[in-house]
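Residue strings, one per chain:
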Amino acid sequence: MKNRSIVRFLPLLLLALLASCSQDFLIENNPNAIPTADYYKSENDVLLALNGVYNALRDNNGIAENSGLFSEERSDNTGRNDNQSNAGEPFQFNAFALLPSNSYLQSHWNSLYQTITRANYMLAGSETVTFAQPATKTQYQAEAKFIRALIYFHLVRKWGDVPLVTKPLTSPEDVAASTFREKKEKVYAQIVADLTDVVNSTLPDVQTAANKGRVSKVAGNALLGQVYLTMATTFDQANRTANLMQAKTYLTNAYSKRTFGTLKEVAYADVFDVTKKATNPEAIFQIVYRQGDINYASTIAYNNQAQGETINSLRTTTGVGGNVTPDLVKDYEDGDIRKDFSIKFANAAVVKDYFITKFRDASSAAGTSGYGGNDWILIRYADVILMLAEVNLYLGDEATAIGFLDQVRERAKLPLYAVAKTNAAYSAKYPTLKLATLHERRVELAFENQRWFDLLRFFTPDELVSYFRAKSQADFGAAQLTNVGTKDYYYPIPFNEAKLNPTAMYQNPGY
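Residues numbered from 1 in each chain as written. Predicted model: local features only at pLDDT ≥ 70, side-chain atom pairs only at ≥ 80, totals over all residues. Heavy atoms only, no water.

**Student:** Explain the overall build of the protein here, please?
**Tutor:** The number of helices and strands found in the protein is 21 helices and six strands. Relative to a compact globule of 511 residues, whose C-alpha radius of gyration would be 24 Å, the protein shows 22 Å and is just as compact. Within the protein, the proportion of its 511 residues that are buried is 58%. Within the protein, counting contacts between residues at least 6 apart in sequence, those at least 24 apart form 70% of the total. Surface summary for the protein: the accessible area is close to 19300 Å², and the carbon and sulfur share equals 52%. (Helix = DSSP H or I, 4+ residues; strand = E, 2+ residues; numbered from the N terminus. Rg over C-alpha atoms; globule rule 2.2 N^0.38 Å. Buried < 20%, exposed > 50% of the residue type's maximum accessible area, 1.4 Å probe, protein only. Contact = heavy atoms within 4.5 Å. Areas by Shrake-Rupley, 256 points an atom, 1.4 Å probe, with all protein chains shown as cover.)

**Student:** When you look at the pairing of strand β5 (residues 353–356) in this model, what are you seeing that I'm missing?
**Tutor:** Remember that side chains alternate between the two faces of the sheet whenever the strand is regular. The pairing of strand β4 (residues 343–346) with β5 spans four bridges and is classified as antiparallel. Following the sheet pairing, K344 is matched in β5 by F355. Between β4 and β5, which pair antiparallel in sequence order, lie six residues; one of them, K352, sits at a positive phi of approximately 50°. (Pairing = 2+ DSSP bridges.)

**Student:** Help me out: how do you make sense of the packing of helix α5 (residues 134–159) against helix α8 (residues 217–234) in this one?
**Tutor:** To characterise two packed helices, one gives the angle between the axes of the helices and the distance between these axes. It is the contact of α5 with α8, at a shortest axis distance of 11 Å, that shows an interaxial angle of 25°. Taken as axis vectors, α5 and α8 run roughly parallel relative to one another. Considering the relative orientation of α5 and α8, their crossing is left-handed. Touching F146, L150, F153 and R157 of α5 are A219, G220, L223, Q226, V227 and T230, all from α8. Looking at the contact of α5 with α8, its residues break down into six nonpolar, three polar and one charged. (Axes fitted to C-alpha atoms, helices over the stretch in contact; angles between N-to-C directions. Parallel < 35°, antiparallel > 145°, perpendicular 65-115°, else oblique. Left-handed = near helix turned anticlockwise from the far one by under 90°. Nonpolar A, V, L, I, M, F, W, Y, C, P; charged D, E, K, R; others polar.)

**Student:** Got a minute to help me understand helix α2 (residues 43–56) in this structure?
**Tutor:** Count 3.6 residues to each turn of an α-helix, and residues three or four apart come out pointing the same way. Across its 14 residues, α2 extends 20 Å between first and last C-alpha, which sits within 8% of the 20 Å expected from 1.5 Å per residue. Taking burial as the measure, the 14 residues of α2 include 12 buried ones, the bulk of the element. (Expected span 1.5 Å × (residues − 1).)

**Student:** So what exactly am I meant to see when it comes to the packing of helix α19 (residues 451–458) against helix α20 (residues 461–469) here?
**Tutor:** Contact geometry of α19 with α20 gives a least axis separation of 8 Å together with a crossing angle of 120°. One finds that α19 runs oblique with respect to α20. Contact with α19, carried on its side by R451, W452, L455, L456 and F458, involves E463, L464, Y467 and F468 of α20 and no other residues of that element. In terms of residue class, the contact of α19 with α20 is made up of seven nonpolar, no polar and two charged.

**Student:** Is there a simple way to think about the nonpolar core in this case?
**Tutor:** Inside soluble globular proteins, nonpolar side chains tend to come together where they are buried. Core analysis: the biggest nonpolar cluster contains 137 residues, and M122, F146, I191 and F285 have the highest contact counts within it. Per-element accounting of this core gives the leading share, 13 residues, to α5. If we skip the residues at most four places from it in the chain, F285 touches Y54, L57, F146, L150, G213, R214, V215, A219, W376, I377, L378 and I379. (Core = buried A, V, L, I, M, F, W, Y, C linked by side-chain atoms within 4.5 Å.)

**Student:** Explain helix α4 (residues 103–126) to me, please; I cannot follow it from the model alone.
**Tutor:** With 24 residues, α4 should cover 34 Å at 1.5 Å per step; its first-to-last C-alpha distance of 35 Å lies within 8% of that length. When you tally the buried positions in α4, you get 19 out of 24 residues, the bulk of the element. N-cap assignment for α4: the residue whose side-chain oxygen lies 2.9 Å from the backbone N of Y104 is N102. (Polar contact = N/O pair within 3.5 Å; in protein donor to acceptor, adjacent residues only side chain to side chain.)

Written out as structure tokens, the structure is:
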């Protein structure tokens, strides 16, 4: 069996398991190659394994803070003009020239399935332990199921049909039997099943400040709502209305648990303020980082900072920072406070371009090493609110949709939609409420790795090609828009996976 196969033979629990709950789950405690059959003896063993599942989310080859290559750079928000570094492989993502042999693509696939493997081992192990309180077992299992569902949601949107593994694979025969692409409908059914268990569990609606970073029922409702919305808009047309109603129900459940009134009560800058992250009422689910800690600090601030700048971090940087396409820069409306907070023009001779400033920690605690305290927010209320606008739009309730849209615009200090659409420039760029909603999602959630998935949800493959090709090539640098084709709706199956079983691991069309 190739060591890069999707579902590796894992006879030992070679996982980075973490100690305790609350934010102590950042502290590593590796039991060092304990056979899995002997490992699970107590509730605490299950908790350590669960913390190992959380720890897997920190991998930048997966969905952590520096994983934008696999989503944001695929969209029209960011990219790179360097087609030489690292054999040009990173450039392939935003150039729509992705090859199955791309090593970054393989690493992304491996990371996602490693997280699923950890969740599967923890769930199986939890069944062998006697818990003092059944509710504790239910909560631990719900947390692992949420993470497994979240990762499968990434996989199915990026690749379509993918291997569906929900138990530990403890022999080469198990691995061989699981090395095939399951139809996306079954993958979505498993995601829904896992998240249904989460929303029906004994988890708290909202985690305490001490437990920020752990799954809550609000997170489960928000994600399940997005899953139903995605099914309704991307493939399950026969059940479109039913799926939209389910999406509305779960998104409304999440929205109803907020601790604020309307979105304007939470300042936009406060959402990303490292000094307020423990009390941030907008964050629903986040990956926790520890300021000043060489092992668990955030690096997104200095990674995005351009040469000659100090707004993000005290660490000196020499690169061009997080690239922002001119196409996105031009999409910010005049007076939008999110623009000045999220991007800045760097005037260094080697830059002369906009870079990302949304994620900052220039504090003395982060220091000149740039060990920042940013948490990586995966789900927040502005996202939920804009999905509610989208759902109500599709269900024909434009008044309610506009009400949700206006919450986001009002916080951004922009005219409400009824006023904005009387502006000739605005109405020309966003002639429909659907396009206005997509625009609002773009500027609200920029650089949060949502844009590519939004484009997949708002457009069919043919429409997506037309959308990109209608843009100005001058706003995309070296990435040629003429490369965009319907094949790009999905990624290619990595070469090392397809060759394991060319029939069962069939390649996506066009690659």
